[in-house]
Amino acid sequence: MMKKKSISASKASLVLFLCQMISALDVPLDSKLLEELLQPPTITQQSPKDYIVDPRENIVIQCEAKGKPPPSFSWTRNGTHFDIDKDAQVTMKPNSGTLVINIMNGGKAEAYEGVYQCTARNERGAAISNNIVIRPSRSPLWTKEKLEPNQVREGDSLVLHCRPPVGLPPPIIFWMDNAFQRLPQSERVSQGLNGDLYFSNVQPEDTREDYICYARFNHTQTIQQKQPISVKVFSMDSLNDTIAANLSDTDIYGAKPVTERQPILLTPTGSSSTKVELRGNVLLLECIAAGLPTPVIRWIKEGGELPANRTFFENFKKTLKIIDVSEADSGNYKCIARNILGSAHHVISVTVKAAPYWITAPRNLVLSPGEDGTLICRANGNPKPNISWLANGVPIAIAPEDPSRKVDGDTIIFSHVQERSSAVYQCNASNEYGYLLANAFVNVLAEPPRILTPANKLYQVIADSPALLDCAYFGSPKPEIEWFKGVKGSILRGSEYVFHDNGTLEIPVAQKDSTGTYTCVARNELGKIQNEVQLEVKDPTMIIKQPEYKVIQRYGQVSFECIIKHDSTLLPTVIWLKDNDELPDDERFLVGKDNLTIMNVTDKDDGTYTCIVNTTLDSVSASAVLTVVAAPPTPAIIYARPNPPFDLELTGQLERSVELSWIPGDENNSPITNFVIEYEDGLHESGVWHYQTEVPGTQTTVQLKLSPYVNYSFRVIAVNEIGRSQPSEPSEQYLTKSANPDENPSNVQGIGSEPDNLVITWESLKGFQSNGPGLQYKVSWRQKDVDDEWTSVIVANVSKYIVSGTPTFVPYEIKVQALNDLGYAPEPSEVIGHSGEDLPMVAPGNVQVHVINSTLAKVHWDPVPLKTVRGHLQGYKVYYWKVQSLSRRSRRHVEKKILTFRGNKTFGMLPGLEPYSSYKLNVRVVNGKGEGPASPDKVFKTPEGVPSSPSFLKITNPTLDSLTLEWGSPTHPNGVLTSYILKFQPINNTHELGPLVEIRIPANESSLILKNLNYSTRYKFYFNAQTSVGSGSQITEEAVTIMDEAMASRQVDIATQGWFIGLMCAVALLILILLIVCFIRRNKGGKYPVKEKEDAHADPEIQPMKEDDGTFGEYSDAEDHKPLKKGSRTPSDRTVKKEDSDDSLVDYGEGVNGQFNEDGSFIGQYSGKKEKEPAEGNESSEAPSPVNAMNSFV
C-alpha cells in the first residue's frame, strides 16, 4: 500500500499538488469544480499486502478508487487475468472494485489462495493496487505423542517442551493447569519465546501432573491443548531412603545433599549467535539460565549504550526488548547470568536490515499544455532498493511511447506536455525484504479561469486591524490575479497592500476609508473572469469609563461603572467576572446596563472585578479591585492600612541579583503581616509595575533575582489585615547587562486556518525575558515522517507566522527559538502541528436501518476512510425527518432532526419516532472544518403502535335506562384502528364499584346508545381505541341515569307534610319528658329492705346470677337508693356506654342512626330490654330508598 507521503493515499485523495515544479497547478477543493474536472484514477482503499483471512467467513478483497469519469475495475490472480464472471462464488460490489468471495455458501477458502492485484482504469489512465497475498488462517491440532513423566532431582534444571503446531498466523503460547489457572512464573520458572517452560532449578513444590501447554490461534478464535506433562521432584532425603532400601552400604547410599551450582545457559546455547531484524520492528533477545541459587540476568551492548526510551526488559529481565529498531541498533548484545558461584554469558550479534521506505514518494502532477514537470521516486533500504517505473500498470519500457516523457533513474522528466500525456505512473521500490508501490498521475488540463469565492461576499473588520479579502481561483494555465477598488478604480499596487499567491488581498492596517467594493480579476490565455467583494471597516469598541479601585466596609454597598462606546452597527454584550470567573449566583449582585452593584458586602466579595465587552468583531475589558474592611470596633481605636515603607536602598549589585532594604511605615494599630516587592522595567514597560516577591512583615531586606537587559526600579507595599498600603517611592534604577535569551516562546502551536496553510503561533517573550536588544524568533518546520530538511525563517518580535502552499491536513514538526543581538536561546523542543483541515470528501456508505420498535430505530453505517476525512475526525451526524404518517397519508412540513455521535462510531439509536410513519435519513461525517457530503437518503418505516386516547368522550341524553355516548377518534392513531373498547360499571352510594361490562365497537363508529341501564344509577365509563398492536390509553367519564318521577315526587311529599313535622315534634317532647323523670327519680332515691336482703345473703358482694335472664340480683346502698332496672348494667361511675346500655339515645332517634317508617312511626322498641336486629349488607343504618340512592350521586 502506498505510504502516507503519497497525496492520493493520505488525507485527501482528490487533492492535486505539484511541489517539484514552480509552474505546477494547485486544484482547490471546491466540490463543484472537482465534479467537472477530468482526473485519472486514484486508489483510495485496498486490502493489506499480506491478507490472512478466516476460512469460515466470506473473503472481502478491497479496492476502491476515485476518478473522473468514474473508473472501471479488473483483477489479476497470480499474474493472469481473473475473470470473475466465470466463478459463481465471486462477485464485485457495484461502483467499486471490491471482491466478495462467498465462502459461507459452499466455497473453499484454500481454493482462493494466491496473489491478487486490482486495476482501476478510465480514459485518463490506470492505477494499480499492491500485490495482495490471500492466505487462509490455519489452526492445526497437536500431533499425538506419548509423554513420559519427568522425574528430576531437587535443584536440577528442567525444560518442558511445548512444540506447538505450526499455524497461520503463529499461535500465542501459555501454560495452565487442569483448573485453567495460569501457572505462576518467576525468576526461577519462566516461559521462553519459543513457548517452552524453563526451570532454572526445581523445588519439591514443582511436583504436579498437570503442566499443560495451550496454543491460542487468535484469527480463528480457537485454543489447542497439549497433553498434560507430569513432573515429580525427588528431594535428597527421600532419594537416600530409596537408595538405602535397594543398595548395599558400599554404594551411593548417603548421596550428596542439594548442592549449589554456577549458572549455565539453557537458551541460547553456545557462546555466541546471530540475529537479523528489520528496521522499525521490535527486537527481542532472550537468555534463560540454569543454576542454584537462581541466576540473575543482566544485558549490555558491547561498545555502546542500550538506546534510551526504547529499551524494555521483560520476563524477569530474561528478555531484552528494543522497539522501533534502526540501523544504529546493529551490534553485539551480551547477556550475563550470575549467581554467588559464578557467571555465564552469551553474545548475540544483531544486524538490522531494512525493507524499502520512502524518502520522496511521487506526487500527482496537474499541468497545462506545453508546461514541464517531474515525478521523483526516492526510497532507501538495506540493501539499497531497486527503482522501477510503470505507466498505466505496464512496465515503462514496453508502454506506449510519449515524446514528452524521459526516464532518468528515479526521476521522470516531462517537457512540453499535451493532453494525451495524461497517465498514471507507478513507482516500485523493492529489495529482498519487501517493496513499496506508489501511484502518481500526470493530468494535463486546459481550463479557463474560474473564481470560487462567492460573489459580493461581505468582510467586516475593526479599524487599524488587518483585512483579508479572498479570491480563490483555478485555471490552466495558472491565471494571473489583479485587484481593483471601486467600479472604475485603478489596479491596486503599493506597500499598503499584500498580494498572496492564493489570490488573497491583504490590507495590513485597514482604515475607515478602506470601506468599499473590491474587484478581483483572474485571466489566462483561455479567458478572463472577475468577482466583487465588499469590505466594511468598523469603529473599535472602547470602555470610556472604567471600574475603579474601591474600599468598602462590611455590610455596605458598592458599585463599579463600565461605560462603553462602540460602532453603531455592532451589538455589544457586557459580562462581569469576579477573579476571572463567573459572578456568584447571589441576589446581592445586581448587573445594570453600565454598572455592577453589590449589596450587603461581605468578606468573600473581596477580589478583582472585570468588565468584558464583546462584539462579533472585537473584545475589550477593564478590571478593578474591591477591598472589604471591617468597621472600627470603637471610635477610640482606628485601624487602617499601614503607611508606605520609605528610604529604599539597593546594595550588592551583581549581574543577576541585588539586595533591597527599606524602613517600614506606621502599621496603624494592625501589625504588618508581609511586604510585597514590585518592579518596573523602565527599558521595556515604563510605568508598568510587576509582582516580584513578598517577605514576612518582620523582614526589611531581601535578595532579589534579576534578569539581563532590564532597567530595574523597585517599590515596596506593606500589608496588614486591613489591606495594602500605598506603594513606597521607587528605588534608584539599576540596568543589568545583556545576555542570550534563557528561554524560548511557550505554547507553540501549528493549526492551519485554510486547507493549504499552516499557522504557527506562540506566546511571545515578555520584554524582560528578551535578555538583550534585537529580540527575534527563528521559526522552523518540516513535514513529519518525511526526510526533509528543516525550513526556517527569522521573524521580528511577533507571535504568528503563516506557511502557505502546504498539503491539506498533514502533520508538521515545529519549533520556535528566541534570539537577540547576543545569540540564540537553548535549542527548543519540537511540537507536532497540522496544516489546515478541509471538508470531508466522501459520505458514509452502506447505511442500514434496523427498526427496533414503533418509536426506536438503530442506524448503521460504514466508516469513511480516515484519509478522506481531511481533518480531525469529530464524529458522525445523522439527519432524519418524518416524510408522512402511513395512517393519514398526509404530508406536513418537514422538520429535520439531527443526532451527533462522537468519535469513530458506526451506529446510533434514533429515539422518539412516531409509530406507523415513513422516515428518511442520511449520515455525514464531521471534522473540525465542518460536515462532509450526505449519504443517499435512506427510507424506513416504523411499525404500528398503540393509539393515543380518544380525543374526547361525551355522555348525553340521559333517560331512565339509557345514555348516549359520543367520542372523537385518537389524535395519534399510530396505525390502523381496528375497534374501540368500552367498559362500564355502576357505582353505589358508598362509591363501591359494581360488575364490569365490556363492549367492542367497530372503528368506524363515533357514537353509541347504551340501553337497559338501571334508573337513578351512577355509571363509570372507560373508553379506549385499539390497533392490531394493542389497546391505547383510555379516557374515563361518569354519568347518571334519571330516576322515576313518581318516586321522586313521593319522597318530596313525605318530607313536606304537616303530619310528618308534628310527629317529629311529639317524639322529641316524649324524649324530653323521659329524661326529666329519670333525673328526678335518680335524685330522690327509693326505700328497699336492704337488711332483709343482707340476712338472706351472708355476703352481699357475691350475688348469684338469675337463671331466667342471666342478670345480677338487685342491690342498693345507703348513698344511692335508686332501683336498678332489670337487665341494666350501670357502672359505678354512673356513665352509660352504648355497649353497656340498650337504652342509648341513639336507639330513640336522637342519634345519627335513628330511623323512621314511611308513616313517621319510630322504628325501635321502647322497653327496658330489647334485642337489636342484626344489620344486613354493609351494615348501613340508612334505608335503601331512591332518595338516598340519588343523594349518593350528588
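Residues numbered from 1 in each chain as written. Predicted model: local features only at pLDDT ≥ 70, side-chain atom pairs only at ≥ 80, totals over all residues. Heavy atoms only, no water.

(A) Structural view of the overall build of the protein. Across its full length, the protein holds seven helices and 85 strands. Counting contacts in the protein only where the partners sit at least 6 residues apart, residues at least 24 apart contribute 65% of the total. As presented, the protein carries roughly 63,900 Å² of accessible surface, and 51% of it is formed by carbon and sulfur atoms. (Helix = DSSP H or I, 4+ residues; strand = E, 2+ residues; numbered from the N terminus. Contact = heavy atoms within 4.5 Å. Areas by Shrake-Rupley, 256 points an atom, 1.4 Å probe, with all protein chains shown as cover.)

(B) Looking closely at the sheet that holds strand β16 (residues 197-199). One open sheet accounts for three strands, arranged β13-β16-β15; its pairing is antiparallel. The sheet terminates laterally at β13 (158-160) and β15 (189-191), the two strands that pair on one side only. Averaged over all pairs of adjacent strands, the angle between strand axes in this sheet comes to 15°, irrespective of strand direction. Pairing of β15 with β16, which is carried by three bridges, proceeds in the antiparallel orientation. Each residue of the ladder has a partner; that of Val189, found in β16, is Phe199. (Pairing = 2+ DSSP bridges. Axes fitted to C-alpha atoms, helices over the stretch in contact; angles between N-to-C directions.)

(C) Up close: the state of the cysteines. Enumeration over the complete set of coordinates arrives at six disulfides. Two residues share a disulfide in this structure: Cys63 and Cys118, whose sulfurs sit 2.0 Å from each other. Judged by the sign of its S-S torsion, about -70°, the bond between Cys63 and Cys118 is left-handed. One end of the pair, Cys63, is in strand β4 (residues 63-68); the other, Cys118, is in strand β9 (residues 114-122), and 55 residues separate them in sequence. A relative accessible area of 0% means that Cys63 is categorised as buried. Between Cys377 and Cys427 runs a disulfide, and the two sulfur atoms are separated by 1.6 Å. Sign of the S-S torsion, about -65° for the bond between Cys377 and Cys427, identifies this disulfide as left-handed. With Cys377 in the loop between β30 (373-376) and β31 (378-382) and Cys427 in strand β36 (residues 423-431), this residue pair connects regions lying 50 residues apart in the sequence. The class for Cys377 is buried, based on a relative accessible area of 0%. (Disulfide = S-S within 2.5 Å. Buried < 20%, exposed > 50% of the residue type's maximum accessible area, 1.4 Å probe, protein only.)

(D) Structural view of the nonpolar core. Counting 24 residues, the largest nonpolar core has Ile59, Ile61, Trp75, Ile101 and Tyr116 as its most contacted members. Considering every element that reaches this core, the biggest residue donor is β9, with three residues. If we skip the residues at most four places from it in the chain, Ile59 touches Val53, Leu99, Val100, Ile101, Ile103, Ala109, Tyr112 and Ile134. (Core = buried A, V, L, I, M, F, W, Y, C linked by side-chain atoms within 4.5 Å.)

(E) The arrangement of the sheet that holds strand β42 (residues 480-485) in detail. Pairing is mixed across the open sheet formed by four strands, whose spatial order is β39-β46-β45-β42. The open sheet has two free edges, formed respectively by β39 (457-462) and β42, since each of these has just one partner strand. The sheet shows a mean angle of 25° between the axes of neighbouring strands, direction not considered. For β42 and strand β45 (residues 516-524), the ladder comprises six bridges, and the chain directions are antiparallel. In the strand pairing of β45, Trp483 is matched with Cys520.

(F) Local environment of the environment of Lys301. Assignment of secondary structure puts Lys301 in strand β24 (residues 296-301). According to the relative accessible area criterion, Lys301 is buried, its value standing at 14%. When the C-alpha positions of Lys301 and Tyr333 are compared, they lie 4.5 Å apart, and in sequence the two are 32 residues distant. Ignoring sequence-local partners within four residues, the contact set of Lys301 consists of Leu306, Ala328, Asp329, Ser330, Gly331, Asn332 and Tyr333. Side-chain polar atoms of Lys301 contact the backbone oxygen of Ser330, separated by 3.5 Å. (Polar contact = N/O pair within 3.5 Å; in protein donor to acceptor, adjacent residues only side chain to side chain.)

(G) Region of interest: the packing of aromatic side chains. Evaluated as defined, the whole model comprises 21 aromatic pairs. Ring geometry for Phe82 versus Tyr116: centroids 5.8 Å apart, planes at 70°, classification edge-to-face. On the criterion of sequence distance, the pair formed by Phe82 in the loop between β6 (80-81) and β7 (90-92) and Tyr116 in strand β9 is long-range, its members being 34 residues apart. The class of Phe82 is buried, set by a relative accessible area of 9%. Take Tyr116: its relative accessible area is 1%, and that puts it in the buried class. Each ring, one from Tyr919 and one from Phe940, has its centre 5.6 Å from the other, and the planes form 15°; the classification is stacked. Linking Tyr919 in strand β77 (residues 917-927) with Phe940 in strand β78 (residues 938-941), this pair joins segments that are 21 residues apart in sequence. Each member of the pair, Tyr919 as well as Phe940, is classed as buried. The rings of Phe174, Phe180 and Tyr214 are connected pair by pair, giving a single aromatic cluster. The lysine or arginine in question, Arg208, covers the ring of Tyr211, its NZ or CZ lying 5.8 Å from the ring centre. Its guanidinium or amino end placed over the ring of Phe907, Lys905 lies 4.9 Å from that ring's centre, counting from NZ or CZ. (Phe/Tyr/Trp six-rings, centres within 6.5 Å; stacked < 30°, edge-to-face > 60°. Lys NZ or Arg CZ within 6 Å of the ring centre and 35° of its normal.)

(H) Looking closely at the pattern of salt bridges. A complete count under the given rule lists 35 salt bridges for this structure. Across the pair Glu931 and Arg924 runs a salt bridge, and its minimum N-O distance is 3.6 Å. (Salt bridge = Lys/Arg side-chain N within 4 Å of Asp/Glu carboxyl O.)

(I) How the structure looks around the environment of Asn131. Tracing the sequence through the fold places Asn131 in the loop between β10 (125-128) and β11 (132-136). When the C-alpha positions of Asn131 and Gln117 are compared, they lie 5.1 Å apart, and in sequence the two are 14 residues distant. If we ignore the near neighbours within four places in the chain, the residues touching Asn131 are Lys49, Val115, Tyr116, Gln117 and Tyr435. Among the polar contacts made by the side chain of Asn131, one reaches the side chain of Gln117 at a distance of 3.5 Å.

(J) View of the pairing of strand β28 (residues 342-360). Relative to β28, strand β21 (residues 272-278) is paired through seven bridges, and the arrangement is parallel. Across the sheet, Lys275 pairs through a bridge with Val350, a residue of β28. Pairing analysis gives nine bridges linking strand β27 (residues 331-339) to β28, with the strands arranged antiparallel. Residue pairing in the sheet places Asn339 in a bridge with Gly342 of β28.

All quantities given are derived from atomic positions and should not be read as evidence of function.
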